[in-house]
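# Examination of the molecular architecture
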Amino acid sequence: MSISLDEVRHIAALARLGISDERAQLAAEELTSILAHMQVLTRVDDERAAGSDTDGKTGMTLRPDLGPPIPLLRAPAFFAPEMREGFFLVPRLATHEDPEPSP
Amino acid sequence: MSVRETVESPRAADSVASGAFEMVVGLEVHVQLLTRTKAFCRCATDFGAPPNTNVCPVCLGLPGALPVLNEHVVDLALRAAIALDCEIHPVSIFARKNYFYPDLPKGYQISQYDRPLATAGRLTTDATGETAASTVRITRVHIEEDAGKSVHDRFAGVSAIDLNRAGVPLIEIVSEPDIRSAAAAGAYLRALKQLLEYLEVSDVNMEEGSLRVDANVSARPVGASTLGTKTELKNLNSFSAVERALDAEFARQCALLGAGQRVMQQTLLWDAGSAAVRPARSKEESHDYRYFPDPDLPPLLVDRARIKRVRNDLPELPAARKARYRETFGLGAYDADVLTAERSLGSYFEEVARAHRDSKTAANWVMGEVRAALNARRLEIDRFPVRPADVAELLDLVASGTLSGTAAKRVFALMAETGDRASQIAAREGLAQVRDDAALREWIEQVIAEHEPEATRCARGERKLLGVLVGFVMKKSKGRADPKRVNQLLAERLGV
């Protein structure tokens, strides 16, 4: 990947910098060289590099996105004070006399 | 001043106030993740299951049950956070957000608070007819579980609770208060929905509650840098509801401020019927929730290898697809915008274009006839009975001259109704284009006889009537006549 003179002038204009043709040419060469070096760096395999923020720490266990669910020993109706049509019934809250979403 | 008093708008001041103030909006978007099982247990996430059938000891909050995080939740949340250009934190912490409500069986929601998964992102929106292109900063993206569902109007005097949704995984995407108009809020939400759809992290179905929006809105004098007192708007069931609610609430705040009153920080509910807001409950500050780290859950560690894997697996995003459509298929900006608005529509178009090869015609048909048929039937494209290969076959029949454009539209309508292939319908309905001169001349003679005055005037030099007469022939042939050949034969017959 290389940086063109036009791109250098465009960036300079965005940054409101005056730039001479000579300096723009130099900047294009330098930026192209930097990008070429970055390309080399991206090829480095750093997955096992030391110094990761998670090194040495014990995190949570994760589980796969799979069932089956943990079965209930008894159906919800056995331990619900009141059910109707599959819903648990609770007294309507005084602050929610009008239908509205929960917090 | 009572809460009720604050929501009455002193309308006399509307016009003065709204010109002097600027709207400031930040949005909180809850997105249900597309997983098979819940966030911390193995219950299914199916929408529409009978109430309280997708429940287990964990999501019912039974004593002794412990949560274990679903790995796919982490990956989907990361996918969204990376696409939103966020900084991903290698260590994040789950906290308990405590409040008491019947649809929250544990008495707390597992969420992330001071150490979220990701922060400091951004989302850029394209210019629309009403808004300029802009970038909205993303404050944070964090993982949390959903509460159950309370139904207050099903049974008299009681509330009905369904805990199927309790524990379903969500991400919350919080924006900075960078939005300055209702239209810009709509543009942000549409761009976010489009991005999430492309990422396949959610089905983003607002009707089923997979994407929910709360809006924080305040008004401040134009040119001011400090923020005004905000209110939080809830019960926003569509993007247009968000836009209308923001405009209504901004007008209300402007009227208050213009009349020398102050805005009270509170949560308001949008009432679409009356197109006005009404107070919900006094605003709960975050410390009311008594957040603390969940002792059941160790820190979530996200290493660089996981981030790299998720980043590498990101699908093509809307901007890249738009550019590709312009470059590969030679489409204009408008066509590329329309066809990439929904990922599934774009994929459908691509299949038609690849099979038919004339991508411009494919684009026109998908944007026109296909979208119209979907809208008329209120169908999503993945349930549309006409497959892309069938549309391509239909366009091939038009390109080869077997079907006229008019007949093709009739064939397509029947394809959408029956799911049959174009060639079958064309044969069955006798819609193949007629190019046999004898048959065409017969129709032409009939039209000349039936429309003698027009035919005579045309023959005497009113050439514009030729098109009218061609139209009569097309009508008589039920769209089957080859219009080019009819034009030639008619011109010969009338000597023009």
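Residues numbered from 1 in each chain as written. Chains lettered and ligands numbered in written order. Predicted model: local features only at pLDDT ≥ 70, side-chain atom pairs only at ≥ 80, totals over all residues.

Residues and elements named next belong to chain B. Each assigned domain of chain B is listed here: domain 1 (3-304), domain 2 (316-429) and domain 3 (437-494). Each of domain 2 and domain 3 has a C-alpha centre, and these two points are 32 Å apart. On the domain 3 side, the residues contacting the five residues of domain 2 number five residues. In terms of residue class, the side of domain 2 that touches domain 3 is made up of one nonpolar, three polar and one charged. (Domains from an automatic or database assignment. Contact = placed C-beta atoms within 7 Å. Nonpolar A, V, L, I, M, F, W, Y, C, P; charged D, E, K, R; others polar.)

On to the interface of chain A and chain B. Taken together, the contact pairs 36 residues of chain A with 51 residues of chain B. Put simply, the parts of the chain that give the side of chain A that touches chain B at least two residues each are β1 (62-63) and β3 (87-91) of chain A. At five residues, the largest contribution of residues to the side of chain A that touches chain B is made by β3(A). By residue class, the composition of the side of chain A that touches chain B is 17 nonpolar, 10 polar and nine charged. In this structure, β3(A) lies alongside strand β10 (residues 158-162) of chain B, joined through four bridges in antiparallel fashion. Following the sheet pairing, A:P91 is matched in β10(B) by B:V158. (Helix = DSSP H or I, 4+ residues; strand = E, 2+ residues; numbered from the N terminus. Pairing = 2+ DSSP bridges.)

With that settled, the discussion passes to unusual backbone geometry. Among all residues except glycine, the phi angle is most often negative; among peptide bonds, the trans geometry is most common. Residue A:P68 is bonded to the preceding A:G67 through a cis peptide linkage, with omega at -5°. Notably, A:R16 is not glycine yet its phi reads approximately 55°, a positive angle. Tracing the chain through its elements places A:R16 in the loop between α1 (5-14) and α2 (21-42). Despite not being glycine, B:R290 has its phi angle at roughly 45°, a positive value.

Moving on to the sheet that holds strand β9 (residues 149-151) of chain B. Here four strands make up an open sheet; going across it, the order is β2(A)-β3(A)-β10(B)-β9(B) and the pairing antiparallel. In this open sheet, the two edge strands, each paired with only one partner strand, are β2 (83-84) of chain A together with β9 of chain B. Here three bridges tie β9(B) to β10(B), and the two strands are oriented antiparallel to one another. The partner of B:K149 across the bridge, within β10(B), is B:D162.

We now examine the pairing of β3(A). Residues and elements named next belong to chain A. Two elements, β2 and β3, share two bridges in a ladder whose sense is antiparallel. Following the sheet pairing, M83 is matched in β3 by F88. Two successive antiparallel strands, β2 and β3, enclose a turn made up of two residues, where E85 displays a positive phi of approximately 50°.

A separate point is the nonpolar core. All names here are of chain B. Ranked by size, the top nonpolar core spans 90 residues in total, and within it A77, A80, V141, A185 and A215 carry the most contacts. Setting aside residues no more than four positions away along its own chain, A77 makes contact with L117, V141, I143 and I171. Core analysis: the second largest hydrophobic core is formed by 32 residues, A353, A362, L394 and A422 among them. (Core = buried A, V, L, I, M, F, W, Y, C linked by C-beta atoms within 7 Å. Buried ≥ 20, exposed ≤ 12 C-beta atoms within 10 Å, placed from the backbone.)

Across a sheet, paired strands are connected by hydrogen bonds in the backbone, their directions being either parallel or antiparallel. Residue and element names in this part refer to chain B. Spatial ordering of the open sheet is given by β6-β5-β16, a layout of three strands whose pairing is antiparallel. One side of each edge strand has no neighbouring strand; the edge strands of this open sheet are β6 (108-112) and β16 (292-293). In terms of strand pairing, strand β5 (residues 94-98) meets β6 through five bridges, oriented antiparallel. In the sheet register, K97 faces β6, and the bridge partner there is Q109.

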